[in-house]
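Coordinate inspection notes
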Amino acid sequence: RSLTDLLLNQTIYLASLDGNISEAEQAQIDSLRENISLITSHSLGPDEIILGASPAYWYDLNSYNPVVSALTEHIPMLILQGERDYQVSYTDDFPVWQQAFADNANVTLIAYPLLNHLFIAGNGPPTNTEYNQPGNVDEQVVMDITNWVDSFL
């Protein structure tokens, strides 16, 4: 999915964690939707700054499809996914990669049930506040990367 889609989904997810989207949160969501609409409709002047970046940045980024780009490569790839990742969703995004590379022996896909976007373990619904707590990349991720690299030596 595009970064603008991810930003909207993340904002809605975080706002709804407590079971209630407040008026302030809804206003933030509505504002983000309006900004995204300006980006996706290419309705911005070249010197405008929106969501912290220039229109050229957003237009280029939204034209990029990482799965399509990866399909054009004929190199080994290792694709890792934390199942507790609310930023790049295990249920919405990882299946696209799995489907695209299901019959490609050159691509290794691994998911980790307890890990978040940073590959740090946690429990319960993932939140942005867990990023503020010290942690380490899970040892299994490090071992999987090491083993994958070693398989080419």
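Everything below is about the structure shown above.
Here we summarise the structure given alongside this text. The structure displayed is predicted, hence computed values, not measured ones.

With that out of the way, let us pick up the pairing of strand β1 (residues 77–82). Pairing between β1 and strand β2 (residues 107–112): six bridges, direction parallel. Paired with Leu78 across the two strands is Thr108, which belongs to β2. Read as a crossover between parallel neighbours, the route from β1 over helix α5 (residues 94–100) to β2 is right-handed.

Turning next to the layout of surface pockets. In this structure, the largest pocket occupies an estimated 450 Å³ of space. If you trace the largest pocket, you find 20 residues lining it, with Arg1, Pro66, Val67, Val88 and Trp97 closest to the centre. Elements represented by at least two residues in the lining of the largest pocket include exactly α1 (3–15), α3 (55–63), α4 (66–71), β1 and α5. Residue classes in the lining of the largest pocket are distributed as 13 nonpolar, four polar and three charged. Around the second largest pocket, the lining is made up of 15 residues, and of these Tyr13, Asp85, Tyr86, Ser89 and Asp92 lie nearest the centre. Residue composition of the lining of the second largest pocket, by class: five nonpolar, five polar and five charged.

Along the chain, the position of Val141 falls in helix α6 (residues 139–150). Take Val141: its relative accessible area is 1%, and that puts it in the buried class. Put simply, Val141 and Leu115 are 26 residues apart on the chain and 9.5 Å apart in space, counted from C-alpha to C-alpha. Not counting residues within four places of it along the chain, the set of residues in contact with Val141 comprises Leu80, Tyr112, Leu115 and Phe119.

A separate point is α3. Looking at α3, one finds that the buried residues are Pro55, Trp58 and Tyr59. Buried residues of α3, viewed axially, fall in a sector of 100°; they line one side. Exposed side chains of α3 directed beyond 90 degrees from the buried face belong to Ala56 and Asp60. Buried residues in α3 make contact with α1 and α2 (23–40).

The interhelical angle for the contact between α2 and α3, taken along N-to-C directions, is 80°, at an axis separation of 9 Å. Classified by the angle their axes make, α2 and α3 are roughly perpendicular. Every residue of α3 that contacts α2 at Leu38, Ile39 and Thr40 is listed here: Trp58, Tyr59 and Asn62.

On the surface, a nonpolar cluster with roughly 310 Å² of combined accessible area is contributed by Ile145, Val149 and Leu153. Among the secondary structure elements, Leu153 is positioned in the segment after α6. We classify Leu153 as exposed; its relative accessible area is 83%.

Let's shift gears to α2. The first and last C-alpha atoms of α2 sit 25 Å apart over 18 residues, in line with the 26 Å expected at 1.5 Å per residue. When we look at burial in α2, the residues that qualify are Ile29, Leu32, Asn35, Ile36 and Ile39. Down the axis of α2, the smallest arc covering the buried residues is 125°, so these residues share one side. Structural note: α2 exposes Glu23 and Glu34 on the side pointing more than 90 degrees away from its buried face. Buried-residue contacts for α2 involve α1 and α3. Taken from the residues just after α2, His42 is the one with a positive phi, measuring 55°.

Each value, and the rule that gives it
Residues numbered from 1 in each chain as written. Predicted model: local features only at pLDDT ≥ 70, side-chain atom pairs only at ≥ 80, totals over all residues. Heavy atoms only, no water. Pairing = 2+ DSSP bridges. Helix = DSSP H or I, 4+ residues; strand = E, 2+ residues; numbered from the N terminus. Right-handed = clockwise from strand over helix to strand, strands pointing away. 1 Å grid on protein atoms, 1.4 Å probe; cavity = no way out; pocket = protein on both sides within 12 Å on 5 of 7 lines; lining within 4 Å. Points joined across faces, edges and corners; volume = space filled by probe spheres on them. Nonpolar A, V, L, I, M, F, W, Y, C, P; charged D, E, K, R; others polar. Buried < 20%, exposed > 50% of the residue type's maximum accessible area, 1.4 Å probe, protein only. Contact = heavy atoms within 4.5 Å. Arc of directions from axis to C-beta. Axes fitted to C-alpha atoms, helices over the stretch in contact; angles between N-to-C directions. Parallel < 35°, antiparallel > 145°, perpendicular 65-115°, else oblique. Patch = residues over 30% accessible without salt bridge, like charges linked within 9 Å, V, L, I, M, F, W, Y side chains within 5 Å. Areas by Shrake-Rupley, 256 points an atom, 1.4 Å probe, with all protein chains shown as cover. Salt bridge = Lys/Arg side-chain N within 4 Å of Asp/Glu carboxyl O. Expected span 1.5 Å × (residues − 1).

Read these as spatial facts, not as claims about activity.
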